[in-house]
Amino acid sequence: MIVEEMLATRRDEIAASPDLSALYARLVERAAPVLERMPVIPTVKALLSRDGGVCPDDGTPLRFDPWSPDQHVCPRCGRAFGGERHHAHWARAQHLWVAERAMHLATLHAIDGSDATAARARELLAAYHTRYFELPNRDNVLGPTHLFFSTYLESIWILHYIGAAHLLRTVGALDDSEIEAVNAIAEESAALIGEFNEGMSNRQTWHAAALTALGVWFEDDDLLSMAIEGRTGLMGHLADGFGADGMWFEGENYHLFALRGLLIGLSWARAAGADLLADPEVAEHLAMALMAPATTALPDLTFPARKDARFGVSLAHPAYLECWEAGQAWVGGTAHPEIAEWLRALYARPAQTEGTYDSYLVEAGETVPPFRTRHDLSAWALWTMAPSLPESVSAWRPASRLLENQGLAILRQAEGNVLASLECGGGGGGHGHPDRLHLTVFAHGVHWLPDPGAGSYVSRDLFWYRSTLAHNAPRLDGADQQAADTSSTAFDAGTVWQWAAGRWGDVQRGILLGPDWLVDVVELAGRDPHQLELPWHLNASVTVETPGTWAPGELAGEFISDVEAFTPAAAGAIALRAVAGDASIRLWLVGDMTLLRAQAPGLPGANASATFFVARLSSPASRLTTVVDLAGTVTAATMAGSLLTITTAAEATTVQINGADAVVTQKGRIVTLAGRRGGLRSMPSILKDPPMLAAAEAPWVDAPPALDGTLAGFDRSAPLHLDDEVQYFRSEEPYAGPEAFATRAWVNWDQHGIYVAVEVTKDEVILRADDAQPLLLDNDPDDIHADGVQVCLQLADHAPISYLLRPGPDTDLRIRSIDASMQSPPAHGAWQRTRTGYRITAQIPCAGLDVVQASQPLRFDLLINEMQPGRVRRAGQLIWSGGPGWVYLRGDRFDPARFGELQLIG
């Protein structure tokens, strides 16, 4: 990431700067163990599994120690574990750590010319000259790769690997044979990364950065132009991925990951002679992207765990500190002094140990210092950060703000020490949760009402954290919110009172934050009766202070237990007191409602269940009003119509909330908060091209087909064909053609449901035995890693119905409802081998098709899983609605937005 003419200047800057000199000395110190002994180079491909790398007793992630390939310690219980699965999980971080160490040593050699650092860096590079190609590009989860299971890890790895090689070559420390060996790896890696274009994705920022680095290595202008200027290159991601409010469209967690990839890519672009930040508009947009996480940061300077985020992660982690250090050097200074203010606030925070990051393993095996400094960063920071931070900067003071593109309203009080936020906006891409109108509250150093984030992708409780009930968000009729954008309808941040409101369908939520308490109002409009529920997940010990009794209650869900309903002894508000350490708050639930409490998984990493509460109302028009007493001053809260009266020892305050306005009357003074907004601000269509709309016909049958694995009784006048590369979603290899893998299918229907016949052309049918050992591969069900069929359909305004049909012994068909929580009616059928493959016939029950037939087509899709010999994971899928694409991170689930249409004939 640096060229020869830059080296002399940077050496002089390091010598003259106390901070850079101290960082250089720390890097020399950190290099000592690697110089003393050669690190272990994994001989296996990394594996993503449910049991690898976690404590078998409590699920805690095992500590990564780069010097311990076979024994992996649980930080919670202190026990050590070994075995192939733990070793394959360890290999993921070790491959990355080794490449990172090569870059580290090459940096030291480029600065001081040490023979020892150059020799070890060359050894680390040479260790992969053959190893890289020996590990198979197979059984991948998220794109092609040799060393890992996902292409984004390949991109992170090659950035360090090629960075080390580039520095060594720049100073003449690589011979021709070593350069040729690196060339071979670089060519293969560039081909794999280049073919796996993920459109607008946090991971694609790393792919673009990697391709930029490879373009520098090969001095390939075409590759550089594509990687830097292309729609899915660095500039495309900066322009479109980071919205007008500066925040990455998938939320803070992915914002920070994408930002680091982008900044590393920009440093490589500079090495190629493309100083993109010379354009003032580009520099200004980058500054907004840099400061967006500071805008939404919680008062303890962790980021909110919105969407698929990790919970409780400090923004003072060095992986993030380095982003702001680079930003301060490139676009900070007098133009953006807030970057330095923010950095100084972060360095003042005690260090946290959040574990290893794929993109930052510098601290692996080390004891984390009490506070991190500029001297504790990585080799990349030595090249990028400014020689010093400005001394004369103001203290960091966050303000209330509405992030228009995110639809996230942040309300702050007490100089930023109290925060309440209301989440509206879009769903956040593939990482979004059904948690529109979620409320977060942080006060007195306690995160009282948190968003839990997502926990682990390979743990079953992921599906709890991705549910509405796991959030402080409303739901209707006992079901998760359906995917829909939510409008921010009001935002008004005054000096004393602050107000925000949003709307999700017929549900509106408004929050009013004052100096001592918060009012929360959730309203359901409309004439149709619905059950409105509002969960309350208090990160504290909670007691119900209102007298009353508990009895068994009803609240269905896979993860829910010990449900009880509360009957108060008298009418009036129900008071809940939450205590965390020396701090406490009180919730006053105002109005007629049913209060439930239950047990469910606690916050990610807690490894324990937690109590949560649900307020429930059932009526055509419902209102749930809650007063959150932050100061312990409220003595009563009552409602008269839509007028709320909050009583303290000093005074009575009334609050009137009507639509997008709030009126506060206190001591004779009336304050009206409005701040009406026009709704959701749309973002560019940046995710992927819209799917094709597949269409076909399904004829009526007077009598059900035989469903014995033959075509007997089927009307075959309207076949569906799956035999084109645009319908193939692959794992690594492209579509082999219809001679190797293709499908013809027929769909019929009657008043009881639909009948499907699926005839698959395939040389060898790979079955999964009923008694096979569990694969324990992340959250994918084992049945998808065998030949079989997935049938998906959806009636208008109903949840989708999906089934997985897998050939079993003899002609038995294994049928499983993909979403068991939807309580789909049982399907049945059979299968047979054919001369060219196999055939499945089945009935999928679905009442109400006669209504659909008269009004609109049936939403439908058909997916054919392809398994090949010698594999652990499926090789790909044929999908009727088309793509093309890649088969990853979807398991047996498929986006209903991609479904095609069946016109029911007859």
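That block above? That's the structure.
Residues numbered from 1 in each chain as written. Predicted model: local features only at pLDDT ≥ 70, side-chain atom pairs only at ≥ 80, totals over all residues. Heavy atoms only, no water.

**Here's the deal with the sheet that holds strand 36 (residues 837–845)**
In a beta sheet, neighbouring strands pair by backbone hydrogen bonds and run either parallel or antiparallel. Selection criterion: Strand pairing is assigned whenever DSSP identifies at least 2 bridges connecting the two strands. Helix and strand labels come from DSSP, where a helix needs a run of H or I of at least four residues and a strand needs a run of E of at least two; each type is numbered from the N terminus. Under this scheme, a helix contributes an axis fitted over its contacting stretch, all axes are lines through C-alpha atoms, and angles between N-to-C directions fall in the 0 to 180 degree range.
Across the sheet, five strands lie side by side as 28-30-31-36-35; this open sheet has antiparallel pairing. In this open sheet, the two edge strands, each paired with only one partner strand, are strand 28 (720–722) and strand 35 (828–834). Direction aside, the axes of adjacent strands within the sheet are offset by 15° on average. Note: strand 31 (residues 753–762) against strand 36, nine bridges, orientation antiparallel. Along strand 36, the bridge assignment pairs Val760 with Tyr838.

**Structural notes on the side chain of Ser359**
Going by this rule: Here the term buried applies to any residue with accessible area under 20% of the maximum for its type, exposed to any over 50%, and partly exposed to those in between, with areas from a 1.4 Å probe on protein chains only. Contact definition: two residues touch when any of their heavy atoms are within 4.5 Å.
On the secondary structure map, Ser359 appears in the loop between helix 14 (337–347) and helix 15 (379–384). With a relative accessible area of 7%, Ser359 lands in the buried category. Ignoring anything within four residues of it in the chain, the contact list for Ser359 reads Glu100, Ile156, Trp206, Phe257 and Arg260.

**Structural notes on the packing of aromatic side chains**
Selection criterion: Think of it this way: a Phe, Tyr or Trp ring, Trp meaning its six-membered ring, pairs with another when their centres are within 6.5 Å, and the plane angle makes it stacked under 30 degrees, edge-to-face over 60, tilted otherwise. Only Lys NZ and Arg CZ are tested; either one counts as a charge over a ring when it is within 6 Å of the ring centre and within 35 degrees of the ring normal.
Throughout the structure, instances matching the rule amount to 25 aromatic pairs. Aromatic pair Trp248 and Phe249: ring centres 5.0 Å apart, planes at 35°, arrangement tilted. Considered together, Trp248 and Phe249 belong to a single accessibility category, that of buried residues. Considering the side-chain rings of Trp464 and Phe612, the 5.8 Å spacing of their centres and the 55° angle between planes classify their relative orientation as tilted. Of the two residues, Trp464 is situated in helix 16 (residues 462–465) and Phe612 in strand 20 (residues 609–619); the sequence distance between them amounts to 148 residues. The exposure class of Trp464 is buried, given its relative accessible area of 4%. Between the NZ or CZ atom of Arg310 and the centre of the ring of Tyr357, over which it lies, the distance is 4.4 Å. Its guanidinium or amino end placed over the ring of Trp536, Arg509 lies 5.8 Å from that ring's centre, counting from NZ or CZ.

**Describing the pairing of strand 25 (residues 661–666)**
When strand 24 (residues 652–658) meets strand 25, the two strands line up antiparallel, connected through six bridges. Note on strand 25: the bridge partner recorded for Thr653 is Gln666. Between the end of strand 24 and the start of strand 25, which pair antiparallel, lie two residues, with Gly659 showing a positive phi angle near 60°. In this structure, strand 25 lies alongside strand 26 (residues 669–673), joined through five bridges in antiparallel fashion. By the bridge assignment for strand 26, Thr665 is matched with Ile670. Linkage of strand 25 to strand 26, two consecutive antiparallel strands, is achieved through a turn of two residues, within which Lys667 is found at a positive phi near 55°.

**Quick notes on helix 13 (residues 318–331)**
Our working definition: Any helix carries an expected span of 1.5 Å times its number of residues minus one.
Between its first and last C-alpha atoms helix 13 spans 19 Å; for 14 residues at 1.5 Å apiece the expected length is 20 Å, and the two agree. Just beyond helix 13, the residue with positive phi is Gly333, at close to 65°.

**Some words on the sheet that holds strand 21 (residues 622–629)**
Sheet architecture is open: eight strands sit in the order 9-10-11-12-21-18-17-14, paired in antiparallel fashion. Two strands lie at the open edges of the sheet, namely strand 9 (487–493) and strand 14 (541–544), each paired on one side alone. Between one strand and the next, the sheet's axes are offset by a mean angle of 15°, whatever the strand orientation. Here four bridges tie strand 14 to strand 17 (residues 574–580), and the two strands are oriented antiparallel to one another. Considered in strand 17, the bridge of Val542 is made with Ala578.

**Considering unusual backbone geometry**
Phi is positive for Glu219, close to 50°, though the residue is something other than glycine. Locating Glu219 in the fold gives a position in the loop between helix 8 (202–218) and helix 9 (221–229). The exposed category is assigned to Glu219, whose relative accessible area is 66%. Even without a glycine there, the phi angle at Asp477 is positive, about 55°.

**Describing helix 14**
Where burial is concerned, most of helix 14 is hidden: eight out of the 11 residues are buried. Of all the positions in helix 14, only Ile339, Ala340, Glu341, Trp342, Leu343, Ala345, Leu346 and Tyr347 are classed as buried. At its buried positions, helix 14 is contacted by helix 12 (280–296) and helix 13.

**Overview of the side chain of Ser378**
Test applied: For the purposes of these results, a polar contact is taken to be a pair of N or O atoms within 3.5 Å, where, inside protein, one atom must be able to donate a hydrogen and its partner to accept one; residues adjacent in sequence count only when each atom of the pair is a side-chain atom.
Along the chain, Ser378 falls in the loop between helix 14 and helix 15. A relative accessible area of 6% places Ser378 in the buried class. Polar side-chain contacts of Ser378 include one of 3.2 Å to the backbone nitrogen of Trp380. Excluding residues that lie within four positions of it along the chain, Ser378 makes contacts with Leu23, Leu27, Arg260, Glu322, Tyr360 and Val362.

**Topic: the pattern of salt bridges**
Short version of the rule: Salt bridges are defined by distance alone: a side-chain nitrogen of Lys or Arg within 4 Å of a carboxyl oxygen of Asp or Glu.
For the coordinates displayed, the defined rule picks out 51 salt bridges. Where salt bridges share partners, they join Glu252, Arg306, Lys307, Glu423, Asp435 and Arg436 into one cluster.

**Describing the nonpolar core**
Put simply, the test is: Nine residue types can take part in a nonpolar core, namely buried Ala, Val, Leu, Ile, Met, Phe, Trp, Tyr and Cys, and a core is a set of them joined through side-chain atoms within 4.5 Å.
Among the nonpolar cores identified, the biggest contains 141 residues, and Tyr128, Trp157, Leu286, Trp324 and Trp342 are the most heavily contacted of them. With 13 residues, helix 3 (residues 84–112) is the largest single contributor of residues to this core. In this structure, Trp324 is in contact with Leu256, Leu290, Pro293, Leu315, Ile339, Trp342, Leu343 and Leu346, ignoring residues within four places of it in sequence. Membership of the second largest hydrophobic core comes to 45 residues, among which are Val418, Ile511, Leu534 and Leu587.

**Looking at the environment of Ala208**
Among the structural elements, Ala208 can be located in helix 8. Taking C-alpha positions, Ala208 is 47 Å from Gly753, a pair spaced 545 residues apart along the chain. With sequence-adjacent residues up to four places away left out, Ala208 is seen in contact with Ala227, Thr232, Gly233 and Leu234.

**Notes on the packing of helix 10 (residues 234–241) against helix 12**
For clarity, the threshold we go by: Geometric relationships in this document are graded by angle, where less than 35 degrees denotes roughly parallel, more than 145 denotes roughly antiparallel, 65 to 115 denotes roughly perpendicular, and other angles denote oblique. Here is the rule for handedness: rotate from the far helix to the near one, and if that takes an anticlockwise turn smaller than a right angle the crossing is left-handed, while a clockwise turn gives right-handed. Residue type decides the class: Asp, Glu, Lys and Arg count as charged, Ala, Val, Leu, Ile, Met, Phe, Trp, Tyr, Cys and Pro as nonpolar, and the leftover types, Gly among them, as polar.
One can describe the packing of helix 10 onto helix 12 by two numbers: an axis separation of 10 Å at closest approach and a directional angle of 60°. Comparing their axes, helix 12 and helix 10 come out oblique. Crossing of helix 10 against helix 12: the hand is left-handed. Every residue of helix 12 that contacts helix 10 at Met235, Leu238 and Ala239 is listed here: Val282, His285 and Leu286. Counted by class, the contact of helix 10 with helix 12 contains five nonpolar, one polar and no charged residues.

**Quick look at the packing of helix 7 (residues 176–195) against helix 8**
At a minimum axis separation of 10 Å, helix 7 and helix 8 run at an interaxial angle of 145°. As helix 7 packs across helix 8, the resulting crossing turns out to be left-handed. Contacts between helix 7 and helix 8 involve Ile179, Val182, Asn183, Ala186, Glu187, Ser189, Ala190, Ile193 and Gly194 from the first element and His207, Ala210, Leu211, Leu214, Trp217 and Phe218 from the second. Here the residues of the contact of helix 7 with helix 8 sort into 10 nonpolar, four polar and one charged.

**Let's talk about the environment of Asp245**
With respect to the helices, strands and loops of the structure, Asp245 is situated in the loop between helix 10 and helix 11 (252–271). Along the sequence, Asp245 and Leu403 sit 158 residues apart, while their C-alpha atoms lie 5.6 Å from each other. Contacts of Asp245, omitting those with residues within four sequence positions, involve Met288, Ala292, Arg401, Leu403, Glu404, Asn405 and Gln406. A polar contact is formed between the side chain of Asp245 and the backbone nitrogen of Met247, at a distance of 3.0 Å.

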